Amino acid sequence: MKPAEPPISPRAQSGERSRLAQRLRRVIRGEVLFDAASRGRYATDASIYRVEPVGVVVPVDEADLLAALELARELGVPVVPRGAGSSQCGQALGSGLVIDTSRHLNRILAFDPAARTVEVQPGIVLDRLNAQLAPAGLWFPVDVCSSAQATLGGMAGNNASGVRSVVYGNMVHNVVGIDAILADGTPEHFGPFGVGATRALGSARASAMVSRLFQLAAREREEIERVWPRVLRRVGGYNLDVFHPVSVRPYTGDGSVNLAHLLVGSEGTLAHFRRLHLKLAPLPGHRLLAVLSFPSLPAAIAAVPEIASLGPSAVELLDASMLVPLRGVRTLRPLVDTLLAGRPAALLLVEFAGDERGPLLRRLRALEEGVAGPGAQAAFLEVADPGRQRLVWALHRAAIEGALVGALVGVGARRPVSFIDECAVPLPRLAEYVEAIEETMRRHRVAGVWHGRASVGALSLRPLLALRAGEAAKMRPIAEEAAALVRHFGGAFSGGQGDGLAGSEWIERDFGPRLARAFEEVKAIFDPDGLMNPGKIVHPLRMDDGVRMRVAPGPARAPADGVEAAVARCDGNGRCRALDSGAMCPSYRITLDERDSPRGRVNTLRLALEGRFGPEGVGASEVAQAMALCVSCKACRSECPSAVDVARLKIEALSRRPQTLSRGERLFASLPAWAPMASRLPWLPNLRDRVPGMAALTGRLLGLARRPLPRWRRDTFLRAWSQRAQLGQGRGAPAADGDGRVVLFADCFSNHFEPEVPHAAVRVLEAAGLRVEVARPAPNDPQPGRPLCCGRSYLSAGLLDRARAEAARTVAALAPLIEEGADVVGLEPACLLTMRDEFRWLGLGDAAQALAGRALLFEEFLVRERAARRPMPAFLTSPWQRALLHGHCHQQAFDAVPDLVQVLSWVPGLEVASAPAGCCGMGDGFGYRADGHGASLRMGELGLLPAVRDADASTVIVSDGFGCRRQIADGAQRGALHVARVLEAALPAGGVPILRPGGAGG
């Protein structure tokens, strides 16, 4: 057997690596990334493997792609194609030259709605493609669960399949042509061949190859007919049966040969994809959904054949345990509680789709009367509302993409490991297979999590293993028995995830030694030098080769601290690369650079912890570069399936950097210390935006952006509150148990720059009959005249000791009030939620934990009070017809936006709509930095600023974040209000705030 991967030429190793990089830089315009940090970031994907490449190329156009491939061929360097790096089996990993097409080669090149075809570059993301097709009533129907980040090139390489593959098939059934670059650099179009061909092969090389392939297929025809798996889902090996089809689902409607289908599923081992020609489908006019709950997994599996006979568009299996962690997601919690009410063990999501509702209803009734009828074990829940259906599928995706991993993983904990994913067997034998593999798992004393495409018999079983505790040794015996069982039941080991490093070893088990040798011949015909993504499909290494595993087999030291534990949690799934789904990640979305994704940042930290950047470790410049565009939005905290909080990791990294802070960084970090002085002489700092040349000067001296700074106010809220207290204004004493008492925390921004916000909050709270107190320093505070602060600005600079000191002041002041039963209400999300988050891990003891449990945003407090049936103000008709709501990033991360929507809905006549989820770009003052201003505005332009510009004059823009309101004012020339001011305006005699385009209103 040939070596699994040819050794890289000495010219591409060590010191010669720089020569390769230099030559690449001379022939391409795109990025050439050969530094240790970049190589390390591309050494992993969503699999359990880790293979460091010689370097990375990010081509900006097809000319770059051709030039890089030509140079790699000349130097004998293997080539590894890569899209999102979201594969579960390690297809995008290799020690050669990685070519990342996701950043630039991601466009739609041609679209023919009448013919229902589209031509795309390989780096385009599925969700983005479908968003552009939807207005024409079309979609690309291979709806993989990773559609928010998966690229079409990667999907074609893996022969991906989606939730509705029982209707639409795999990628191979939806690709009509591929423009590829052969191993010798020849561009060629592969598509329909023979009488129906619209384009002839363009080169003698391709013609000779195809002739040899026909001869090979003819020679092996009988063997193919004898051993080829007869299942609806098979993606292992090469599609050698395209010449004499035997697959259950034909590749083409008329049985003709399409040469592109041989390349689909080849994982970049035969040719490099340049363009894809795709077949589209009309969007169904109607969808009906039912959720069936079963007391056991065998009961659910036994029902699948009968369900499949009704012609569903999807039948998805979910292990009920996967839903339990999702109770922590507020928008999903009611649905999860409904689905788990009877304590089921397994669920089946059954969908019917079509253009006419009547036939779908009849099939749904047949399902209810059959599988869920009298005497049946299943509970039946019909989901007819389209919005409710979307919620069910969102839950399904969240569970599969790793919510379970995020909930279960911890130091030394077992986690689901992907190495026997989506084995497919014929539906009549599915129950036998599940029973047999469950027995295998019991024998090895390993639990597992089931999910998958039950409609086509392709189920994923992810064993729960503690790889760091040496349980990797259990992988091989489990995989060997699974492969034998799949073959015994007439199935395919690789039914959905592809082969890669995890599955290629089992191809010979599926197809036998003769066809395994035939696959090697296919590889040799296309790639005689073995340079196209070697080690996949043919000549594989063992799937548990410890050299290539991310966590080496055998016991390992458990992660020691917060950084190490967070890095260990990241499983590389790539959800953080989503472009049009959720709020994550604003910096990645504007650069499309792997370095700027949360996964890239975590991988950079991993390298630092391993000492790859020298003794500075996490404080190394490579880590600082990776964190440079992070705005601490915390979207990753809530949307990452493994709950990795990069904002916290950034704080830790900044705290360990050896260099001193710049003048501008020190100035912003120490805002709490000098803000009181600035508010006494506000005219002085306000000169910056009034005197010509001052903005340029502060830019040079302090690194500030040339944009207006917030205007300092002398009439601060705390100064006005002190005067009110001296006058004896306010309500009566609260009850002894704290009922009716609330403590308002006036943050630095609200107090010094927009005191109208806390004044409005006080008015609304008092209109609800509450006694409002304002947080003040403790009597023994060494600086009693300086306002309290959450320490957020110090955290943003990595000054943990100073942040801890500020937090300790706040905890000391609020602890007695918390003990008396008072709640603390905040107005600025970043500040208040620091008490709920960072205060917990700053080492401030039980008092900080108690404060975290009683710290509420203004709108959260109001919703809770109303739910407790306490009196609320009688709001009058709003002065605006509509409200466009932008949730602060931290409100989104802590699931507080629904409360914001709810309190706005209390205002009669106010129609509430939400701006696209995402970050405004101002987190941690990022937009006020000269080196962050441009990127900050680009983040705002992702969704927020265009939505604001589209809003008419009768719409009030609502945002609780001070920085968000400033970005809206500067970026869209529109005023925005805190929700407290909107509610105040609806109070009796509340008055209408005056919105100024250049400011925040008031």
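All of these numbers come straight from a predicted model, not from anything done at the bench.

S.K.: An account of the pattern of salt bridges is requested, with residue identities and associated values reported.
M.R.: Evaluation of the coordinates by the stated rule reveals 74 salt bridges. Here R226 and E223 are joined by a salt bridge, their closest N and O atoms 2.9 Å apart. Taken together, the positions of R226 and E223, both in helix 8 (residues 221-227) and three residues apart, correspond to about one turn of that helix. Since its relative accessible area comes to 61%, R226 is described here as exposed. E351 is the salt-bridge partner of R287, the closest N and O atoms lying 3.2 Å from each other. A residue pair is termed long-range when its members are at least 10 positions apart, and R287 in strand 14 (residues 286-294) and E351 in strand 16 (residues 346-354) qualify at 64 residues. By relative accessible area, E351 is classed as buried at 0%.

S.K.: Summarise the environment of L395; cite the residues concerned and give the values.
M.R.: Along the chain, the position of L395 falls in helix 13 (residues 386-408). Judged by relative accessible area, L395 falls into the buried class, the value being 1%. Taking the C-alpha atoms as reference points, L395 and T331, 64 residues apart in sequence, are found 9.5 Å from one another. Apart from the residues lying within four places of it in its own chain, the contact partners of L395 are L318, L323, L326, L332, L335, V336 and L339.

S.K.: So what's going on with a nonpolar patch on the surface? Residues and values would help.
M.R.: A grouping of L681, W683 and L684 is seen on the molecular surface, where their side chains present a nonpolar patch of about 310 Å² in accessible area. Residue placement: L681 occurs in the loop between helix 25 (671-680) and helix 26 (683-686). Take L681: its relative accessible area is 40%, and that puts it in the partly exposed class.

S.K.: Describe the state of the cysteines, naming the residues involved and giving the relevant values.
M.R.: Counted according to the given criterion, the structure contains zero disulfides. Between C145, a free cysteine, and C89, which holds the nearest cysteine sulfur, the sulfur-to-sulfur gap is 15 Å. The thiol sulfur of C423 is not disulfide-bonded, and the nearest other cysteine sulfur, from C89, lies at 9.8 Å. Taking relative accessible area as the criterion, C423 reaches 1% and is therefore assigned buried.

S.K.: Please give an account of the sheet that holds strand 22 (residues 741-745) that cites residues and values.
M.R.: Spatially, four strands are ordered 23-22-24-25 in an open sheet, and the strand pairing comes out parallel. With one partner strand each, in any of the chains shown, strand 23 (771-774) and strand 25 (855-857) form the two edges of the open sheet. Across this sheet, the average inter-strand angle for adjacent strands is 35 degrees, counted without regard to direction. The pairing of strand 22 with strand 24 (residues 823-826) spans four bridges and is parallel. Residue pairing across strands places V742 opposite D823, the latter belonging to strand 24. Helix 28 (residues 717-726) rests against strand 22 and strand 23 of the sheet, and its axis sits at about 120 degrees to strand 23.

S.K.: Any chance you could break down the packing of helix 20 (residues 598-609) against helix 23 (residues 646-655) for me, citing the residues and the numbers?
M.R.: As a packed pair, helix 20 and helix 23 sit with axes 11 Å apart at the nearest point and diverge in direction by 35 degrees. Note on packing geometry: the crossing formed by helix 20 with helix 23 is left-handed. Note on element contacts: helix 23 touches helix 20 through V646, L649 and A653, opposite P598, R601, V602 and L605.

S.K.: Mind laying out the sheet that holds strand 5 (residues 108-112), listing which residues take part and the relevant values?
M.R.: Across the sheet, which stays open at both edges, the five strands sit in the order 5-6-12-8-9 with antiparallel pairing between neighbours. Across the chains shown, the open sheet's two edge strands, defined by having one partner strand only, are strand 5 and strand 9 (187-190). Along the sheet, successive strands turn relative to each other by an average axial angle of 10 degrees, direction set aside. Where strand 8 (residues 175-181) lies against strand 12 (residues 272-279), six bridges are found, and the strand directions are antiparallel. Bridge pairing in strand 12 links D179 to R275. Sheet strands in contact with helix 3 (residues 62-75) are strand 5, strand 8, strand 9 and strand 12, and its direction is about 135 degrees off that of strand 12.

S.K.: I'd like a rundown of the domain arrangement of the chain, residues and numbers included.
M.R.: Segmentation of the chain into domains returns domain 1 (10-103), domain 2 (108-282), domain 3 (284-386), domain 4 (563-656), domain 5 (665-868) and domain 6 (882-986). Computed over C-alpha atoms only, the centres of domain 1 and domain 4 are separated by 21 Å. Across the domain 1/domain 4 interface, buried area totals approximately 1,500 Å², and carbon plus sulfur atoms make up 42% of it. Together, R41, R50 and R103 form the three largest contributors to the area buried by domain 1 at its contact with domain 4, with a combined 42%. Our count for the domain 1 to domain 4 interface comes out at three salt bridges. Here D593 ties to R103 by a salt bridge, and the two come within 3.5 Å at their closest N and O atoms. Applying the counting criterion to the domain 1 and domain 4 interface returns 11 residue pairs in polar contact (both at pLDDT 80 or more). If one sorts the elements of the side of domain 1 that touches domain 4 by residue count, helix 2 (residues 36-41) sits on top with five residues. Per-class residue counts for the side of domain 1 that touches domain 4 are five nonpolar, seven polar and eight charged.

S.K.: Pulling in residues and values, what's your account of the confidence of the model for the chain?
M.R.: Chain-level pLDDT for the chain is 90 on average; 94% of the residues reach the 70-or-more range. Between residues 731-738, whose pLDDT stays under 50, and residues either more than four places distant or in other chains, the model counts 14 contacts.

S.K.: Tell me about helix 35 (residues 846-854), residues and numbers included.
M.R.: Those residues of helix 35 that fall on the buried side of the exposure criterion are A848, L851 and A852. One face of helix 35 carries all of its buried residues, which in axial projection span an arc of 105 degrees. Facing away from the buried side of helix 35 by more than 90 degrees, the exposed set consists of D846 and G853. On its buried side, helix 35 packs onto helix 32 (800-819), strand 24, helix 33 (829-836), helix 34 (838-841) and strand 25.

S.K.: Break down the packing of aromatic side chains for me, citing the residues and quoting the values.
M.R.: Counting across every chain of the model gives 16 aromatic pairs. Seen in terms of ring centroids, F493 and W506 are 5.7 Å apart; in terms of plane orientation they differ by 45 degrees. Their pairing is tilted. You can see F493 sitting in the loop between helix 15 (475-488) and helix 16 (500-503) and its partner W506 sitting in the loop between helix 16 and helix 17 (507-526), a full 13 residues away along the chain. Here F493 and W506 have matching classes, each one buried. On the basis of an interplanar angle of 45 degrees and a centroid distance of 5.3 Å, the ring pair of W674 and W712 is categorised as tilted.

S.K.: Account for the nonpolar core, with residues named and values stated.
M.R.: If you look at the biggest cluster of nonpolar residues, it comprises 62 residues, and the most contacted ones within it are L292, L317, L348 and Y433. Aside from chain neighbours lying at most four places away, what touches Y433 is C423, V425, W450, L485, V486 and F489. Counting 58 residues, the second-largest nonpolar core is a separate cluster that includes V120, A260, L515 and A518.

Cut-offs applied
Residues numbered from 1 in each chain as written. Predicted model: local features only at pLDDT ≥ 70, side-chain atom pairs only at ≥ 80, totals over all residues. Heavy atoms only, no water. Salt bridge = Lys/Arg side-chain N within 4 Å of Asp/Glu carboxyl O. Helix = DSSP H or I, 4+ residues; strand = E, 2+ residues; numbered from the N terminus. Buried < 20%, exposed > 50% of the residue type's maximum accessible area, 1.4 Å probe, protein only. Contact = heavy atoms within 4.5 Å. Patch = residues over 30% accessible without salt bridge, like charges linked within 9 Å, V, L, I, M, F, W, Y side chains within 5 Å. Areas by Shrake-Rupley, 256 points an atom, 1.4 Å probe, with all protein chains shown as cover. Disulfide = S-S within 2.5 Å. Pairing = 2+ DSSP bridges. Axes fitted to C-alpha atoms, helices over the stretch in contact; angles between N-to-C directions. Left-handed = near helix turned anticlockwise from the far one by under 90°. Domains from an automatic or database assignment. Buried area = accessible area lost by both parts, 1.4 Å probe. Polar contact = N/O pair within 3.5 Å; in protein donor to acceptor, adjacent residues only side chain to side chain. Nonpolar A, V, L, I, M, F, W, Y, C, P; charged D, E, K, R; others polar. pLDDT = per-residue confidence, 0-100. Arc of directions from axis to C-beta. Phe/Tyr/Trp six-rings, centres within 6.5 Å; stacked < 30°, edge-to-face > 60°. Core = buried A, V, L, I, M, F, W, Y, C linked by side-chain atoms within 4.5 Å.

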